[in-house]
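Here is what each chain is made of, one letter per residue.
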Amino acid sequence: MKDAEKDAERVVRRWLTYALESMVAHEQELGLLDAAAGDGDHGATMVRGLRAAHAAAKAANGSAGDLLVVAGAAFADAGGGASGALLGALITTVGRGLGDGPYDLTTTTTALQAGLATITRLGKAHPGDKTLIDALQPFVDALTAQPADQPLIVAWRAALPAAVAGVAATQTMVAKRGRAAKLGERSQGHPDPGAVSLTYLLQAMSAVWDENYPS
Ligand code: ADP
Ligand code: MG
């Protein structure tokens, strides 16, 4: 196996560890956000899903892409709820898109675009519906707008603020999808929990790179 492939595999494993740690640290916050307009289980769902994803990848061998496929399937099985199914499909689709690499900006952007298309098809949410799409779509757009010859790490760091801004924009939105849609205007005034947790997942990726390649 080439060095770059082994490196990518290690980065994915580390990402799952960081993502799980982040969700454990934010479990209560995510639960409270979800309780404001939903059923309050979002933090628990994310922790359960990531524990399973982390364990499944730990038990598996293969390329970075293969590990994500396995992790996404485990996340969907264990997570449950709307976010379990959608994020599981996202992680699996990105894994398939990455395949055996190269793990560069172009491949990663294409894989994330495919992931976004999959969860849009499954969940039928559009930008502005107050879902995790409102963080993911701006992030993918910002990544797509980066110069193609940029290192993935640099492009990822540059695109992260778009996800954070996307989360902030969900505060004033009225939920149109998922459980929160039943409460209509009462869903206003706080960010969408799924958009918040999705941004934690994206930030966990850059935390792995910060550890290995400080900016
Ligand atoms: P549940 O709604 O089944 O309790 P969670 O509480 O874990 O699931 O997740 C809620 C989050 O899932 C929402 O904050 C939203 O971001 C996301 N979500 C719900 N429905 C959809 C959908 N149709 N498309 C995209 N995201 C969705
Ligand atoms: Mg919920």
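Look up: the structure comes first, before these words.
What counts and what doesn't
- Residue positions are counted from 1 within each chain, in the order its sequence is given.
- Labels are handed out in written order, letters beginning with A for the chains and numbers beginning with 1 for the ligands.
- Where totals are concerned, whole chains, interfaces and linings use all residues; where local detail is concerned, this predicted model gives features only for residues with pLDDT of at least 70, and gives and counts side-chain atom pairs only at 80 or more.
- To obtain the side-chain values, all non-hydrogen atoms of the structure were used and water was disregarded.
- In this description a helix means any DSSP run of H or I spanning at least four residues, a strand means any run of E spanning at least two, and both kinds are numbered starting from the N terminus.
- Expected span, for any helix, means 1.5 Å times one less than how many residues it has.
- The contact definition used throughout considers only heavy atoms, calling two residues in contact when any of these lie within 4.5 Å.
- Orientation is described by lines fitted to C-alpha atoms, with helices fitted over the stretch in contact, and by angles between N-to-C directions that extend from 0 to 180 degrees.
- Working definition: roughly parallel below 35 degrees, roughly antiparallel above 145 degrees, roughly perpendicular at 65 to 115 degrees, and oblique for all remaining angles.
- Type-normalised accessible area, obtained with a 1.4 Å probe on protein chains alone, sets the label of each residue: buried when under 20%, exposed when over 50%, and partly exposed for intermediate values.
- Being near a molecule or strand, for a residue, means having at least one of its heavy atoms within 4 Å of it.
- We define a polar contact as two N or O atoms separated by no more than 3.5 Å, with the added condition that, inside protein, one atom must be a possible hydrogen donor and the other a possible acceptor, whereas residues neighbouring each other in sequence contribute only through side-chain atom pairs.
- All residues other than Ala, Val, Leu, Ile, Met, Phe, Trp, Tyr, Cys, Pro, Asp, Glu, Lys and Arg, Gly among them, are scored as polar; the first ten of these are nonpolar and the last four charged.

Draft legend 1. Structural detail: helix α3 (residues 64-79). Taking 1.5 Å per residue, 16 residues should reach 22 Å; α3 reaches 21 Å between its end C-alpha atoms and fits that length. Close packing links the buried residues of α3 with α1 (3-37), α2 (42-58) and α4 (81-98). Within two residues after α3, G80 carries a phi angle of roughly 70 degrees, on the positive side.

Draft legend 2. Up close: the packing of α3 against α4. It is the contact of α3 with α4, at a shortest axis distance of 7 Å, that shows an interaxial angle of 170 degrees. In terms of orientation, α3 and α4 fall into the roughly antiparallel class. Between α3 and α4, the contacting residues are G65, L68, V69, A71, G72, A73, F75, A76 and G79 on the first element and G81, S83, G84, L87, G88, I91, T92, V94, G95, R96 and L98 on the second.

Draft legend 3. Summary view of unusual backbone geometry. Omega for the peptide link from G101 to P102 comes to 0 degrees, which places this bond in the cis form. Structurally, the position occupied by P102 is in the loop between α4 and α5 (105-123). If you check the backbone angles, K124 has positive phi at about 55 degrees while not being a glycine. Its place among the elements puts K124 in the loop between α5 and α6 (133-144). For K130, which is not glycine, the phi dihedral falls at a positive 65 degrees. On the basis of relative accessible area, K130 is assigned to the buried category, the value being 4%.

Draft legend 4. Local environment of the site of ligand 1. The environment of ligand 1 is formed by 19 residues, the closest being H42, A82, S83, G123 and D192. With respect to ligand 1, the side chain of D39 contributes an N or O atom lying 3.1 Å from an oxygen atom. G194 is positioned such that a nitrogen or oxygen atom in its backbone is 3.0 Å from an oxygen atom of ligand 1. Every element with two or more residues in the shell around ligand 1 is listed here: α2, α4 and α8 (193-212). The element that contributes the greatest number of residues to the shell around ligand 1 is α4, accounting for four residues. Considered class by class, the residues forming the shell around ligand 1 number five nonpolar, eight polar and six charged.

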